[in-house]
Every structure is written in C-alpha cells, then in structure tokens.
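Each chain, letter by letter, is given below.
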Amino acid sequence: MGADNHNNTFSDLVSQRYSCREYLPTSVDREVMAQVLETARLAPSACNRQPWRFVVVDEPELLAAVKRCYDRAWLESAPAVIVACGVHDEAWHRADGKDHTDVDLSIAIEHICLAATSMGLGTCWICNFEVAQLAEALNIPAGIEPIAIIPIGYPASSQVPEKKRKNMEEVVQWGRFQ
Ligand SMILES: Cc1cc2nc3c(=O)[nH]c(=O)nc-3n(C[C@H](O)[C@H](O)[C@H](O)COP(=O)(O)O)c2cc1C
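The rules behind the values
Residues numbered from 1 in each chain as written. Predicted model: local features only at pLDDT ≥ 70, side-chain atom pairs only at ≥ 80, totals over all residues. Helix = DSSP H or I, 4+ residues; strand = E, 2+ residues; numbered from the N terminus. Contact = placed C-beta atoms within 7 Å. Pairing = 2+ DSSP bridges. Buried ≥ 20, exposed ≤ 12 C-beta atoms within 10 Å, placed from the backbone. Near = placed C-beta within 6 Å. Nonpolar A, V, L, I, M, F, W, Y, C, P; charged D, E, K, R; others polar. Core = buried A, V, L, I, M, F, W, Y, C linked by C-beta atoms within 7 Å. Axes fitted to C-alpha atoms, helices over the stretch in contact; angles between N-to-C directions. Left-handed = near helix turned anticlockwise from the far one by under 90°. Expected span 1.5 Å × (residues − 1). pLDDT = per-residue confidence, 0-100.

A look at the overall build of the chain
Inference 1: When you go through the chain residue by residue, the secondary structure sums to six helices and four strands.
Inference 2: The order of helices and strands in the chain, counted from the N terminus, is α-α-β-α-β-α-β-α-β-α.
Inference 3: For the chain, the spread of C-alpha atoms along the principal axes amounts to about 55 × 45 × 30 Å.
Inference 4: Put simply, of all contacts in the chain between residues at least 6 apart along the chain, 80% involve residues at least 24 apart.

A short note on the sheet that holds strand S2 (residues 80-87)
Inference 1: The sheet built from four strands is open, its strands ordered S1-S2-S4-S3 with antiparallel pairing. Each having just a single partner strand, strand S1 (52-57) and strand S3 (122-123) make up the two edges of the open sheet.

So, the pairing of strand S4 (residues 144-153)
Inference 1: Of all ten residues in S4, eight are buried, a share of seventy percent or more.
Inference 2: Inspection of the sheet shows S2 paired to S4 by eight bridges, in the antiparallel sense. Bridge assignment links Ile-82 to a residue of S4, and that residue is Ile-150.

Overview of the site of the ligand
Inference 1: What surrounds the ligand is the set Tyr-18, Ser-19, Cys-124, Trp-125, Ile-126, Cys-127, Asn-128 and Lys-163.
Inference 2: Residue classes in the shell around the ligand are distributed as five nonpolar, two polar and one charged.

Topic: the nonpolar core
Inference 1: Val-81, Val-83, Ala-84, Ile-112 and Ile-150 are the most contacted members of the largest nonpolar core, which has 35 residues in total.
Inference 2: Put simply, the parts of the chain that give this core at least two residues each are helix H2 (30-41), S1, S2, helix H4 (101-118) and S4.
Inference 3: The element best represented in this core is H4, accounting for seven residues.
Inference 4: What Ala-84 contacts, discounting residues up to four positions off in sequence, is Trp-52, Phe-54, Leu-105, Ala-108, Ile-109, Ile-147, Ala-148 and Ile-150.

Some thoughts on unusual backbone geometry
Inference 1: Here Asn-48, not a glycine, exhibits a phi torsion of approximately 55 degrees, which is positive.
Inference 2: By secondary structure assignment, the location of Asn-48 is in the loop between H2 and S1.
Inference 3: Positioned with a positive phi, Asn-139 is a non-glycine residue whose angle comes to about 60 degrees.
Inference 4: With respect to the helices and strands, Asn-139 occurs in the loop between helix H5 (131-137) and S4.

Structural notes on the packing of H2 against H4
Two quantities define a packed helix pair, namely the angle between the helix axes and the distance between the axes.
Inference 1: Contact geometry of H2 with H4 gives a least axis separation of 8 Å together with a crossing angle of 145 degrees. Crossing hand, H2 versus H4: right-handed. The segment H2 lies against H4, with Val-36, Thr-39 and Ala-40 engaging Ala-108, His-111, Ile-112, Ala-115 and Ala-116.
Inference 2: Partitioning the contact of H2 with H4 into residue classes produces six nonpolar, two polar and no charged.

What to know about H4
Inference 1: With 18 residues, H4 should reach 26 Å at 1.5 Å per residue; the first-to-last C-alpha distance of 26 Å fits that figure.
Inference 2: Of the positions making up H4, those classed as buried are Thr-101, Asp-104, Leu-105, Ala-108, Ile-109, Ile-112, Cys-113, Ala-115, Ala-116 and Thr-117.
Inference 3: The inward-facing, buried residues of H4 abut helix H1 (9-16), H2, S1, S2, S3 and S4.
Inference 4: Immediately downstream of H4, the backbone of Gly-120 shows phi near 80 degrees, a positive value.

Observations concerning the environment of Val-55
Inference 1: One can find Val-55 in strand S1.
Inference 2: Look past the residues within four positions of Val-55 in its chain and what remains in contact with it is Val-83, Cys-85 and Leu-138.

Description of the confidence of the model for the chain
Low-confidence regions, as indicated by low pLDDT, have predicted coordinates that should not be scrutinised in detail.
Inference 1: In the predicted model, the chain carries a mean pLDDT of 96, and the fraction of residues at 70 or more is 96%.
Inference 2: Taking the mean pLDDT of every element in the chain, the minimum, 96, falls on H1 and the maximum, 99, on S2.

See the structure below:
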C-alpha cells in the first residue's frame, strides 16, 4: 500500500485534539461521557493490570470543589471533569522496580481526549493541581493517586490552535544516538 493510500482519519483526529480552555455551558450527556470512558476502559496497560479509576464529576457543588483544586479562571467554564486516578498496588512494576502506573494512565487519559475530540468535545490535561485537596474533595482512598483532571465539554470556539512542536529531526533518531 502506497503512502498516498493510507486512511487519514486517525491523523486528522490527532491534529484536531488540542488543550481546550474555554467551554460552552452545554452539559455533556452521561451516555456520551460513558462512550468516552469506554475507550479508556479498553486502553492497553502493562501486564493488562488496568490500574485506573475514573471519577466523573458533573454535579455543581462537587464540580466547584474540584475546580478549587486548580485555581485558574479558565476552568470555570467546564461543565464536567473526569479525574483519572492510578492504583499503584495494581500496576505492573518492572524487575528494576519501575512503577508503570503513570504510563498506563497516560494511555487511558489520551484515549479519553482523542475519543472526546472525535465526538466534538474539548478536553485538557491538568496535572498542576492541589493533590491533597482533590483527594479530600473526592474522598479518594489511600493508595489511589489522582493523576490528572480532565475537563470535558463543548468548545466555545471551533478554531483549532496551531500546533507548536519540535521538528521531526529534533525528536526522531534513525538508528543509534551519535
Ligand atoms: C501530562 C500533562 C500535564 C498537563 N498539565 C496541564 C495543566 O496543569 N494545565 C494546563 O493548562 N495544561 C496542561 N497540559 C496541557 C499542555 O500544556 C498542552 O498539551 C501542550 O501545551 C500542547 O498543546 P495542545 O495540547 O493544545 O496540543 C498538560 C499536558 C500534559 C500532557
């Protein structure tokens, strides 16, 4: 199959995903949310341990409490968030001890972001939040770590910002490092 022959759908999806920081007030149907979450459930994980829990927050009082854990005005517009949590005891640890919780969660979270994009929804990774405050707000048990807050909602703008990325040459090594 030639290069011109490939299906562009996934590349398009990747290009359309961006960090959305302004949302319409329209709520996200829980069935739509469940479809998005299904793609996280199906994500691969090391040794298939699936060391994740997803907390969906769309009720006003609790949503406000979550938003207080990330003190940025832009988050105010998000009609819902998904808090992605890792369970370190369930995750695979390599022989050298490396804990793969974050690797597994990253895959599942990005499935959420891409699935949301495919359904016309916007998302944004948030990791710079107050961890202890969030754990308390959501009653997250000991041993479960909140890894990212993902706001989810319909974007206020239909413009996809231009991607700012390193060049291919800067990030790809064909063969050994020199
Ligand atoms: C692990 C991770 C953590 C991030 N944390 C934050 C965050 O706390 N706040 C924020 O506004 N954006 C956060 N971002 C979004 C990045 O700034 C964004 O992905 C990057 O600038 C590229 O822009 P794009 O997503 O629009 O392509 C995070 C992204 C990743 C992958």
